[in-house]
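Chains, contacts and geometry: an overview
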Amino acid sequence: MLPLLFDWDAGNVDHVARHGIAPEEVEDALLDPQRIGADVCRPLGEARWAYLGSTDAGRVLFVVTTRRRRRVRVVTAREA
């Protein structure tokens, strides 16, 4: 299995930071083997998925992602 690659830039890093969350926490939640997820919408043709997952510290996060250039791009994340 290929490693999961994330697409972070100043825009999405700043966005999740406004919710008190670090990129590393989001990655923990998305890599949680017990996470649950669903295909939620396709605004302007771009598929988006929502997940609930736990960080290594036990914090439960709600995360919305999309795929761009074979990477997982975090759209938003907040505490569940």
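Let me sum up the structure you'll find in this document. All values derive from a computational prediction rather than experimental measurement.

1. Comments concerning the environment of Arg-35
- Here Arg-35 is to be found in the loop between helix H2 (23-31) and strand E2 (36-41).
- For Arg-35, a relative accessible area of 38% corresponds to the partly exposed category.
- Within the structure, the side chain of Arg-35 is placed 3.3 Å from the backbone oxygen of Leu-30, a separation counted as a polar contact.

2. Concerning H2
- Residues of H2 that are buried include every one of Pro-23, Glu-25, Val-26, Ala-29 and Leu-30, and no others. Down the axis of H2, the smallest arc covering the buried residues is 160°, so these residues share one side.
- The inward-facing, buried residues of H2 abut strand E1 (6-7), helix H1 (10-17), strand E3 (48-54), strand E4 (60-68) and strand E5 (71-79).

The rules behind the values
- Residues numbered from 1 in each chain as written.
- Predicted model: local features only at pLDDT ≥ 70, side-chain atom pairs only at ≥ 80, totals over all residues.
- Heavy atoms only, no water.
- Helix = DSSP H or I, 4+ residues; strand = E, 2+ residues; numbered from the N terminus.
- Buried < 20%, exposed > 50% of the residue type's maximum accessible area, 1.4 Å probe, protein only.
- Polar contact = N/O pair within 3.5 Å; in protein donor to acceptor, adjacent residues only side chain to side chain.
- Arc of directions from axis to C-beta.
- Contact = heavy atoms within 4.5 Å.

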